[in-house]
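For reference, the chains in residue letters:
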Amino acid sequence: MPDPRYLTWSDKWLITHDMINCSECHAAQFMAHRSLAFSHKAGCSRAGVGQYPYLDLLAMLTAMQDEVAKQLQ
Ligand SMILES: [Zn+2]
């Protein structure tokens, strides 16, 4: 069972070929800045500390990959 916090990733973030955007304020973060906390635009209701959408996406995909590997065993 995947971590429940990953189930809402696609509601919160928009991904294109070179950046991730907040789905609400559309602030952007490039992959090169993935280790920095995401910075929302002023007034965004989703603003908060410690948001790392790239790292969450990587963790989510890794968990999915691990789950598939278990099913194939
Ligand atoms: Zn935002």
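Residues numbered from 1 in each chain as written. Predicted model: local features only at pLDDT ≥ 70, side-chain atom pairs only at ≥ 80, totals over all residues.

Moving on to the overall build of the protein chain. For the protein chain, the helix and strand inventory stands at two helices and three strands. The linear arrangement of helices and strands in the protein chain, starting from the amino end, is α-β-β-β-α. Projected onto its principal axes, the C-alpha positions of the protein chain cover 50 × 25 × 20 Å. The buried share of the protein chain, reckoned over its 73 residues, is 8%. (Helix = DSSP H or I, 4+ residues; strand = E, 2+ residues; numbered from the N terminus. Buried ≥ 20, exposed ≤ 12 C-beta atoms within 10 Å, placed from the backbone.)

Glancing now at the sheet that holds strand β3 (residues 28-30). Strand order in this open sheet of three strands is β1-β2-β3, and the pairing throughout is antiparallel. Only two strands of the sheet have a single neighbouring strand rather than two, namely β1 (13-15) and β3. When the angles between neighbouring strand axes are averaged without regard to direction, this sheet yields 25 degrees. (Pairing = 2+ DSSP bridges. Axes fitted to C-alpha atoms, helices over the stretch in contact; angles between N-to-C directions.)

Within a regular beta strand, the side chains point alternately toward one face of the sheet and then the other, so they alternate between its two faces. Alternating positions in strand β2 (residues 19-22) separate cleanly, I20 and C22 being buried on one face and M19 and N21 remaining unburied on the opposite face. With three bridges joining them, β1 and β2 adopt antiparallel strand pairing. The partner of W13 across the bridge, within β2, is C22.

For helix α2 (residues 53-72), built from 20 residues, the straight-helix expectation of 28 Å at 1.5 Å per residue is met to within 8% by its first-to-last C-alpha distance of 28 Å. With one of its 20 residues buried, α2 lies for the most part at the surface. (Expected span 1.5 Å × (residues − 1).)

The next point concerns unusual backbone geometry. Not every positive phi belongs to a glycine, and H26 is a case in point at roughly 65 degrees. Examined against the element boundaries, H26 turns out to sit in the loop between β2 and β3. The class of H26 is exposed, set by 11 C-beta atoms lying within 10 Å.

To continue, consider the environment of H17. Structurally, H17 can be placed in the loop between β1 and β2. For H17, a count of 5 C-beta atoms within 10 Å corresponds to the exposed category. C-alpha of H17 to C-alpha of A47: the two residues are 30 residues apart in sequence and 23 Å apart in space.

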